[in-house]
Amino acid sequence: MTNDVNAPTPIDAGETPAVPEALSSTPADAPASQASTEEPRPTPAANETIDQPESLPSSAAEVSHAEAEPNAQREDTVTPDAPSQTGDTAVPSSPSQSDSETSGEPEKPKKKPRKKKKKPAGPTPAQVLQRIGTSTEAAMAYVAAPEQAWQKLSSGFLEELITDLPPVTAAALLGPEALCRHFLASAATGRYRDLFYLWDLFKAYPEQCKPILMSRTEAQERAKHKLRVATEFGLIGSANRVAEDIDRAQGLPWNWIREILLDVGPLIAQRPAVIAALWRKDPDWVIDLPEEPDQRWLSEAAALHAHSEPVPEAIEAILGQHLDSLPTTPSTLALAAQHHPDRVGVLLERIDPDAPDVVATVRWARDHGHDVSAKLFAHLEAVAQDNRAKAAALWAEWTAGGIAPETLPDALLAPNLEGLDIGAPETWDLAAILVDRGVAIDAQAIVDGVAATNRQVAEKAYEAAVCAGFAEVHLPAGLASNPNIKADARCPKCAAWTWVRPKHETRCPRSAKTLDEPAATPPAPAAQAVDTPSPDTPLSQ
């Protein structure tokens, strides 16, 4: 038999196999399966400490790392033979292990990436409003030249978009058909002038509008009724609006207006503005003009000269015949000066000093070289004989308008304030004139006397006296303790209640130092009783 050096050596049954020296000692961190074959080491006493090396040998660390790698997902088990892994000598199980695993903290979940907002598939409501606008004229202009890119918007996007738009803007965005439906519905609910725009839209887009109009005959009847009501009310009210409708209407709306006017023929003759508009539209329209027109007819006919359109000859002839019956106003005076200069003097003789526009009329006369001050003085003197307070108010109004006569009637210049409204500013303006003429007027006594009976009138009197230049007047004690007035509601210069007359700060002549003087605003005693005016006491007393 041949001796093979590589063959295993037979071992007797009673013989213990020899173990190599390198494998005879188990590493400190070897698995428990390997350590179980060794004999148990004696357990140290409680007062003994086990000396551990500062660091593992490189070979032992490699073995520990290689054996711990398959069991990374398991919990660590500590055997009696294995040293503790919680000390300073602990080594991470793998180089790729994160800090959160070594520190024992749970790994934080990763944040999900935010979804980017989708860009809108079309324009915003603000962009649509800026492009189309909100007026009917702007909607008509957009339909004639729409945005090509907006014509391709999806129906879903448009349904969401038009909810944030005005009706006329949304209709224009959707196209001629929608705008046609909008105009018809709007006219049927009362905005009858949309009929004029509906006709313009029909002329531009007949194919799109014709089916809609044919299917909505009831809406057309309602719109026609609204047009009739507006026209009939305009003939007895605002004739200029009816005239504008006549000039604007075309096609079917004009036929409807013509039908309405034929039914109310007598009313047309009473409104020169409507007559002129009808003759501009249809010169052959037959109208019977009144032979004896009233003041309203003449005034309305004279106002036609303010417009750019020429006045019909028939109306101009009636104006010339009854020019003397016209009320004296700036417009009638301008008409007479242009067409009938010889009638201007007759009109000026009939000036009404109590008319609301008397200031404008007198200014026109003065600017054109006519003097009417004598007529104003005579009227003021007649009023002063009957009512001194009314004459003072009329004089104040003319003074503010710059037409007051240079001299005053004797009734107003009486050396007292009897018959005048103590709380009115014109009374104290007149009192200042009397003082300049040498009349002795104790303004402080007058204000104190009123404050004892009526605090509200006294507040007005004090404010008017201060603004009229009575520097010696101070706030009465009864007004200084007025509980109805807050501290910040008084003038910082004179302590007047600024509520009683607007823009007091522009008239007050006092300086800010007045309030520092004790005599200016004497404090009222705390226990002083202030008489409250009776509800029956008139404020003018």
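Residues numbered from 1 in each chain as written. Predicted model: local features only at pLDDT ≥ 70, side-chain atom pairs only at ≥ 80, totals over all residues. Heavy atoms only, no water.

**Let's talk about the overall build of the chain**
Okay, step 1: The helix and strand inventory of the chain stands at 26 helices and zero strands.
Okay, step 2: Counting the 541 residues in the chain, one finds 35% classified as buried.
Okay, step 3: Of all intrachain contacts in the chain linking residues separated by at least 6 positions in sequence, the fraction that spans at least 24 positions is 64%.
Okay, step 4: As presented, the chain carries roughly 34100 Å² of accessible surface, and 53% of it is formed by carbon and sulfur atoms. (Helix = DSSP H or I, 4+ residues; strand = E, 2+ residues; numbered from the N terminus. Buried < 20%, exposed > 50% of the residue type's maximum accessible area, 1.4 Å probe, protein only. Contact = heavy atoms within 4.5 Å. Areas by Shrake-Rupley, 256 points an atom, 1.4 Å probe, with all protein chains shown as cover.)

**Structural notes on the pattern of salt bridges**
Think of it this way: side chains of opposite charge can pair up when their charged atoms draw near.
Okay, step 1: According to the stated counting rule, one finds 14 salt bridges in the structure shown.
Okay, step 2: The closest approach of N and O atoms between Lys224 and Glu259, which form a salt bridge, is 3.4 Å. Here the residue Lys224 occupies a position in helix 11 (residues 217-236), and Glu259 occupies one in helix 13 (residues 251-263), the gap between them amounting to 35 residues.
Okay, step 3: A relative accessible area of 18% places Lys224 in the buried class. (Salt bridge = Lys/Arg side-chain N within 4 Å of Asp/Glu carboxyl O.)

**Some remarks on the side chain of Thr169**
Okay, step 1: Examined against the element boundaries, Thr169 turns out to sit in helix 7 (residues 167-174).
Okay, step 2: Look at Thr169 and you get buried, because its relative accessible area is 1%.
Okay, step 3: If we ignore the near neighbours within four places in the chain, the residues touching Thr169 are Val128, Leu129, Ile132, Gly133 and Thr134.

**Observations concerning unusual backbone geometry**
Okay, step 1: At Ala495, a position not held by glycine, the phi torsion is positive, near 70°.
Okay, step 2: Mapped onto the elements, Ala495 comes out in the segment after helix 26 (477-480).
Okay, step 3: A residue is classified by how much of its surface remains accessible, and Ala495, at 7% relative accessible area, is buried.
Okay, step 4: Positive phi outside glycine occurs at Lys503, with the angle close to 60°.
Okay, step 5: Examined against the element boundaries, Lys503 turns out to sit in the segment after helix 26.

**Overview of the environment of Trp285**
Okay, step 1: With respect to the helices and strands, the residue Trp285 is situated in the loop between helix 15 (272-281) and helix 16 (295-303).
Okay, step 2: Residues Trp285 and Ile275 lie 10 residues apart in sequence; the distance between their C-alpha atoms is 9.1 Å.
Okay, step 3: Setting aside chain neighbours within four positions, we find Trp285 in contact with Trp254, Arg258, Leu261, Leu262, Ile268, Leu278 and Trp279.

**Digging into the packing of aromatic side chains**
The relation between two aromatic rings is expressed through the spacing of the ring centres and the mutual angle of the planes.
Okay, step 1: Under the counting rule described, the total for this entry stands at five aromatic pairs.
Okay, step 2: Measuring from centroid to centroid gives 5.5 Å for Trp428 and Phe470, while their planes differ by 80°, and the two rings are edge-to-face. Here Phe470 lies in the loop between helix 25 (455-467) and helix 26 and Trp428 lies in helix 23 (residues 425-436), a separation of 42 residues in the sequence. With respect to burial, Trp428 and Phe470 carry one shared label: buried.
Okay, step 3: Directly above the aromatic system of Trp254 lies the positively charged group of Lys281, at a separation of 5.5 Å from the ring centroid. (Phe/Tyr/Trp six-rings, centres within 6.5 Å; stacked < 30°, edge-to-face > 60°. Lys NZ or Arg CZ within 6 Å of the ring centre and 35° of its normal.)

**A look at the environment of His225**
Okay, step 1: Tracing the backbone through its elements, the reader meets His225 in helix 11.
Okay, step 2: Since its relative accessible area comes to 47%, His225 is described here as partly exposed.

**Describing helix 11**
Each α-helix turn comprises 3.6 residues. Residues three or four places apart therefore point the same way.
Okay, step 1: The end-to-end C-alpha distance of helix 11 is 30 Å, a good match for the 28 Å that 20 residues give at a rise of 1.5 Å each.
Okay, step 2: Of the positions making up helix 11, those classed as buried are Ala219, Gln220, Ala223, Lys224, Leu227, Thr231, Gly234 and Leu235. Across the axial projection of helix 11, the buried residues extend over an arc of 145°, all falling on one side. Away from its buried face, by an angle of more than 90 degrees, helix 11 presents the exposed residues Glu218, Glu221, Phe233 and Ile236. (Expected span 1.5 Å × (residues − 1). Arc of directions from axis to C-beta.)

**Some words on the packing of helix 22 (residues 388-401) against helix 23**
Okay, step 1: Remark: helix 22 packs on helix 23, axes separated minimally by 9 Å, with the N-to-C direction vectors making an angle of 85°. For the element pair helix 22 / helix 23, the angle class is roughly perpendicular. In contact with Ala392, Ala393, Trp395 and Ala396 of helix 22, helix 23 contributes Glu426, Asp429, Leu430 and Ile433.
Okay, step 2: Residues belonging to the contact of helix 22 with helix 23 are distributed by class as follows: six nonpolar, no polar and two charged. (Axes fitted to C-alpha atoms, helices over the stretch in contact; angles between N-to-C directions. Parallel < 35°, antiparallel > 145°, perpendicular 65-115°, else oblique. Nonpolar A, V, L, I, M, F, W, Y, C, P; charged D, E, K, R; others polar.)

**Concerning the packing of helix 5 (residues 136-144) against helix 9 (residues 194-204)**
Okay, step 1: One can describe the packing of helix 5 onto helix 9 by two numbers: an axis separation of 11 Å at closest approach and a directional angle of 10°. In terms of orientation, helix 5 lies roughly parallel with respect to helix 9. The residues of helix 9 that touch helix 5, namely those facing Thr136, Glu137, Met140 and Val143, are Asp194, Tyr197, Asp200 and Leu201.
Okay, step 2: Residues of the contact of helix 5 with helix 9, tallied by class, amount to four nonpolar, one polar and three charged.

**Side note on the confidence of the model for the chain**
Okay, step 1: Mean pLDDT for the chain: 78, with 72% of residues reaching 70 or above.
Okay, step 2: Looking across the chain, the model is least confident in helix 1 (residues 32-35), with a mean pLDDT of 42, and most confident in helix 9, with 96.
Okay, step 3: In the model, residues 42-96 has pLDDT below 50 throughout and makes 23 contacts with residues more than four positions away in sequence or in other chains.
Okay, step 4: Long-range and interchain partners of residues 512-541, a stretch whose pLDDT sits below 50, account for 39 contacts in this model, where long-range means more than four residues apart. (pLDDT = per-residue confidence, 0-100.)

**Looking at helix 21 (residues 373-386)**
Okay, step 1: Over its 14 residues, helix 21 runs 21 Å from end to end, which matches the ideal 20 Å to within 8%, given 1.5 Å per residue.
Okay, step 2: For helix 21, the full list of buried residues reads Leu376, His379, Leu380, Val383 and Ala384. Taken around the axis of helix 21, the buried residues stretch over an arc of 135°, which confines them to a single face. Seen from the buried face of helix 21, the exposed residues on the opposite side, beyond 90 degrees, are Ala374, Gln385 and Asp386.
Okay, step 3: At its buried positions, helix 21 is contacted by helix 20 (358-367) and helix 22.

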